[in-house]
Structure formats: C-alpha cells, structure tokens
Amino acid sequence: MNVSVSAAPVVLTDAAVVGFALWTLLYHLNLVLGLRPSVVFVAWVLTLPVAAYVGWRVGRRRDRRLAGEVGTAGPAPASPVETGRAASLRRYALPIGAGIGAALFAALGSGSLSWWLAVILGSVAVISAWVSSRRSTESGDPAPTGTTPAQAYVVMLAALAAAVFSTFIARVSLDDVFYVGKSVWVAERDQIPYRDFLFTEGVLPAGSANPPVPSFEVFIGALARVLHVHAASTTWYIVLPLLAVFAVLALWRLVQRWAPRRPLLVFGVALTYIVLVAGYPDALNTYHLPRLTQGKSVFVHALIPLAWVYLTDFLETRSRRALVLLGLLSVAAVGLTTTAVILLPLLAVAAVSMLVLTRRWRDAALCFAAASTYPLLVGVGARFASGGLDEAVATYIELRPLRTIYELTLWLGILGVIAGIAMWCGPVLLRRGVPRVLVAGAALTVTLLLVPGVAATAGGLTGLTAVLWRIPWIVPVPALVGMLAVLRPPRWGVLNRVLAVVLPAVLVLVFAVYGSPMWTANVVQAEPSWRMPETRKDVAFWITRLDRPPGLVLAPTPVMRALPQVTTRVRVVMARDLYLTDYDMESQFSQDRLLLGRFADGTEAVPVSDVKAAMGRVGVSVVCVWKNNRAVADAAPALGFERFASRKSPGGMYCYRSKEPVTPVSGP
C-alpha cells in the first residue's frame, strides 16, 4: 500500500501527460480525416491500453537496469566546495544582494531608471550565482531518492482537498463562454467547430480565439457526449477536480526534485502562496483553481513544472524515459493552448542556454528537440494554414508595460519583492547541480526579455506581441517562492535554526495580509456549482424551454454569455462583445450587436428606430429582459414585439417575440 501511494504522484502525472498527448495526436490527425469527435474519443480509449502496456514494459526495464546498478557504483565523488568566510561571501553575498536589490527596484520602484536598475541587478544576481556555482563545485547535491510514504499521504491529501475545493469556487471568467461553449457545441452536435460558433452557425470564419490547434475543449465535449452528461457539468464536476489533482501533484514533483531540504515544507508554502495570492485578474495564481479548466491554466501550473522535472531527470540520469516524456509533454501542451507554441520553445531555449555555455552540446540539442519540435511544427503549420501564427494566438491586447508584465506573474509591492527575490536568487536557493543551472537559465532569459525594447522588437518581428506578457510564465514562481522557506546561509549556526521556524511563518503571514485569496468577493458556494451565478443559470435554462420562433435571442449581456454554456440550440445576438474584434468593431455587423446589447442591458437610452433597424439586420425574434427594464416594454409595440412569457423573481424577466418572421444575416 505504501509503495503504491509513494509512486502515485509520478504515475498519475506521467499517465496524464501520455494520455492527453495521445489524444492530441489523434485529434491533429483527425484534422485531416474529419471524423466525428466521438469516434476519435473511442479510438483514443482503445489505444490507451497499448500505451499503458508499453509504459509498463519500459518501467520494468528501467527498474531492472537500476537494480543492476545497485552495489556496483562507487560512492559519489566529493564536491570540491570552497570553504571559509571569504568564499561564502563570494558565493552568496553578491547574488543575494543583487537579487534583493533587483526585486526592490522592480516591485517598489517607478519610472524607467528603477526598471533599468532592476534588470541590471537581476542579471548580475543570476550570472554571479551561476559563475560562483561553477567554480565551487564539479557535481551537484545527490538527487532525491523519491517520495516517501509519509510525504505521499500528505501530498495526496492536499491534492484531493484541492479537487473538492475547486468544485465550490464560482468565480466567473468571461472567457468561459468560449471554452465551455465550444465543449457544449461538440457534445450536442458531435462536430468540431472549425468556423465561428458564437455569432453564427459556422457561417463566419473562426475568430482568432478559435484556431483548430487546441484539442482540450473538444476532448471535454467528446467525453460529455460519451458519458451522456451535460458538457458544463462534465467540465466543472469531472474534469476540474482531476485537473486540480494533476496540478498539485505536478507542483510536488518539481519541489521534490529541486528543494535542497525539507521538500514538504517548501510544498506547503508554495501551495499557500497559490491559494492566498490569487485574487487579481490575470495574475499568475488566478490561473490555478479559479480558471483551471482553461487549457493555458493547466499549461502554466502543471505542464511548466513537469517540463522542468523531465529536464532535470534527463540531465541528471540520462533517462531516455524522461526525454520521451518531455517530447510527449510538448504535444500535450500544444493540445491545451496555442500559448505553448511560443512559451515551450522559449522554455527550451532558457534551459539549453546554460548547457551550451558549459559545452554540453549533445544534451542541449536533445532537450531542445524534445521540448520544441512539435510546438514549432504546429506553429509553422498554423502560419501556412491560417495566414499567420499571430492570428492563432492573438488575445486582443497589445504589449503591456514591462512593469505590468512583471506584476501579472510576480506582483508588485511586498509580494512582488518576495517573488522577485525567489526568481533572481533561485540559483542559490535550489539543490546544487542541474536544478540551479536550469533556474539560472530561466531567470536570465526572462530578465533579458524584460530589457526595455526587447519584447517590443520581438513582437514586431514575429507578430506575437499580444501574448508576450506571458513570458515570465516559464519561471515556476510558486515553487521558487516556496524555496525561500528553507533558505539557510552557510556558517550561520544557531541563526539558521531560528530561520527554519521564522521564515515559513513570515512568508505565510505576508501572503495572508497582503495577498488576495482565491475566495475573494465571496465566490465560494455552499455546494458544487457551475462557474456562473445560480440565478443566471436558471434564467438561461428557462429561456431554452420557451416556445420561441426561429431567430436570435436578445437578452442582458450576462445572460447571453451564459446561454452558449447551456446549449448551442439557442442562438444569441452577442455571446461576448470582445470577440467582435475579429469581425471589425466598426462594421455594421458589430455595431448592431453592441447597440442591441446596450438596449437589452438598459444601460443607456437608445433610439427605437436604430434598435428596430438593427434587429431587422441581425434577425432578432425574441427579446428577454429584466422586469425593471422599462425601456424595452415601452418600445415593444413600435418594434413589432409582443410579450409572451414572464418569469418570477429571482431572475424576474419578461420575454417578447416578434409578430413577423425574421431572417438573420450571415455576417458582416
């Protein structure tokens, strides 16, 4: 029993990577074959036993090889570490001092001068730590032997707690209308929506938010169809808890591989950081449990840590298994999010840059090929297929200011200081050897890309400006923040024993006082729920049961965002205004929908003549509004609408239908 529990973090995470990589390969093959998602899903299920058998045979062969090495290898050579106070100052004073200075200037400063100082000091911190480490030791600390039963029970308990807690969070994400709506489309129609599915029935081309590359939402939709469970329920009640377990176990594996001591303490502090510092929109930890059903969230909080784990395993043990897993992870990452097409090769560059400097050419080539080949091939394919990779990864925003980029991953203020110290001092916090080399490459790469003008130039040359704010995601910030809890400067004696107690307590206290926890704004519900207010959900289902004439439904914009997550059989005027960007915000197509949205919300007075003309062009047959929206009631006769349904509070509504048949337009 203890053996099985100890192996669970490795077995479950590796199996998840292999399984989803296999699904993604089948999905991408199906882009040519054109089979129904349910057929691809059945094929995936049938191939899983083969993959499991191959993995079992490879595991047995690896176990026999390791068993044969037991007792034959001599003791690890001693590391010729410099000693003495002067050596300690050289090894720690400059990197830590420069790292602290960089964090202070980045998180607390303002203006270009403080930012330049942050970048310069950050570079000094990373480079000096790496050079010092190269001089002081020829080999790293011994690699950890594995998860102990006691550690495994604690980690699995934390993962299960995260799984349960995730189902009670009802934090609304405006992007859910796309992610969940796409799964609902697949589940209801057994088709992959290659073209627009939010504004039209596939008449318009797909928007930039819907390239055919990710397979994640299609997987959920196919799973829901096979299980005969609503796609939204599948998302929130089945997939989300499994993803929570996956993300927590991935964090543990990285901590267990990199921590110099007391990995369970590092893991606990890192988890506390994730939970308590997660309230700010688009901040790194907001992409954990509050948004984990979005592919990019799984990528940053599960696959990024596992990528570093596999790189560490390969470079320390020459494990071909780790190299294969890294390649499969790159496939799975592309299936989760188009962001992986950019960030995974960047992570590979960060890792191999230090290997190149140490003349480990073969290792550098193998690592880069395993992590980057598939994402780069997909990126090139997307460029030829869609006319530009920038269209496949656009997120409707221009390059954000550099300090904002820092803030979204590392925060500002005291929290930003802590995360900055964790990143720039990482090379002296981790276990010696490969972990320090890898984190030095990651920190230095991010630092150089934050030099004023570099990211803007890169965005201009590649057309990927919109996603470059995610560059710091390649640094596993939560794990590095957790490493601060076990910082032990050499030759501090009794003071180190004090730090062992004080540092973790201080860190957790700062997170609690200055952070915004996941449950900010009372988003935790009394029972598991979809990620939308219960009243809004009930209203959406109520509208689907009405006897409606053919045509589009106009409703308050929050309700129109909810309806595609309930069913694709009810077409709405505007699922989300931001997605109109793809179809020219100044076009008649977009302007009509924006005007009708304002009319249904009752936020401003809109001329009835303009509303009537827009309704005719769009093809509105039903209007449902809150009972306090008197403007719609007053305008209904002039619009040619009559009231035909009423809903009691909560969510009290009146619904009106057109007296004449309507015909929606096809596009802009």
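Because the structure is predicted, anything quoted here is derived from the model rather than measured.

The rules we used
Residues numbered from 1 in each chain as written. Predicted model: local features only at pLDDT ≥ 70, side-chain atom pairs only at ≥ 80, totals over all residues. Heavy atoms only, no water. 1 Å grid on protein atoms, 1.4 Å probe; cavity = no way out; pocket = protein on both sides within 12 Å on 5 of 7 lines; lining within 4 Å. Points joined across faces, edges and corners; volume = space filled by probe spheres on them. Helix = DSSP H or I, 4+ residues; strand = E, 2+ residues; numbered from the N terminus. Core = buried A, V, L, I, M, F, W, Y, C linked by side-chain atoms within 4.5 Å. Buried < 20%, exposed > 50% of the residue type's maximum accessible area, 1.4 Å probe, protein only. Contact = heavy atoms within 4.5 Å. Expected span 1.5 Å × (residues − 1). Axes fitted to C-alpha atoms, helices over the stretch in contact; angles between N-to-C directions. Left-handed = near helix turned anticlockwise from the far one by under 90°. Nonpolar A, V, L, I, M, F, W, Y, C, P; charged D, E, K, R; others polar. pLDDT = per-residue confidence, 0-100. Disulfide = S-S within 2.5 Å.

Draft legend 1. Looking closely at empty space enclosed by the protein. Going through the model one piece at a time under the given rule, you end up with seven cavities of 30 Å³ or more. Quantified by volume, the largest cavity comes out at close to 120 Å³. In this structure, the largest cavity is lined by 16 residues; those nearest its centre are V300, H301, P305, P476 and P478. Those elements that place two or more of their residues in the lining of the largest cavity are α8 (231–258), α10 (295–317) and α20 (477–483).

Draft legend 2. Up close: the nonpolar core. With 221 residues, the main nonpolar core has W23, L303, W308, F511, L554, L596 and M615 as its most contacted residues. Residue contributions to this core peak at 18 residues, all from α8. Not counting chain neighbours up to four residues away, the residues in contact with W23 comprise P37, V40, F41, W44, S215, V218, F219 and A222. Formed by seven residues, the second largest nonpolar core is a distinct cluster that contains V341, V378, L464 and V467.

Draft legend 3. Structural view of helix α6 (residues 176–189). Helix length check: α6, at 14 residues, gives a terminal C-alpha distance of 19 Å against a target of 20 Å (1.5 Å per residue), a fit within 8%. Summarising burial for α6: 13 of the 14 residues are buried, a large majority. Two residues or fewer after α6 comes D190, characterised by a positive phi angle close to 55 degrees.

Draft legend 4. Main features of the packing of helix α16 (residues 413–424) against helix α21 (residues 494–514). Running from N to C, α16 and α21 point in directions that differ by 140 degrees, and their axes come no closer than 9 Å. The handedness of the crossing between α16 and α21 is left-handed. From α16, I414, L415 and I418 reach across to α21, where they touch L507, V510, F511 and Y514. Among the residues making up the contact of α16 with α21, the classes are represented as seven nonpolar, no polar and no charged.

Draft legend 5. Region of the structure containing the confidence of the model for the protein chain. Taken residue by residue, the protein chain gives an average pLDDT of 88. The fraction at 70 or more is 90%. For residues 387–396, every residue scores under 50 in pLDDT, and the model assigns this stretch 32 contacts once sequence neighbours within four places are set aside.

Draft legend 6. Geometry of the state of the cysteines. All told, the structure shown has one disulfide when counted by the stated rule. One disulfide bridge connects C624 with C655, the sulfur atoms lying 2.0 Å from each other. Between C624 and C655 the sulfur-sulfur dihedral comes to about 115 degrees; the bridge is accordingly right-handed. Placement of the pair is C624 in strand β2 (residues 620–626) and C655 in strand β4 (residues 653–658), with a sequence separation of 31 residues. In this structure C624 comes out as buried when scored by relative accessible area, which is 0%. A relative accessible area of 0% places C655 in the buried class.

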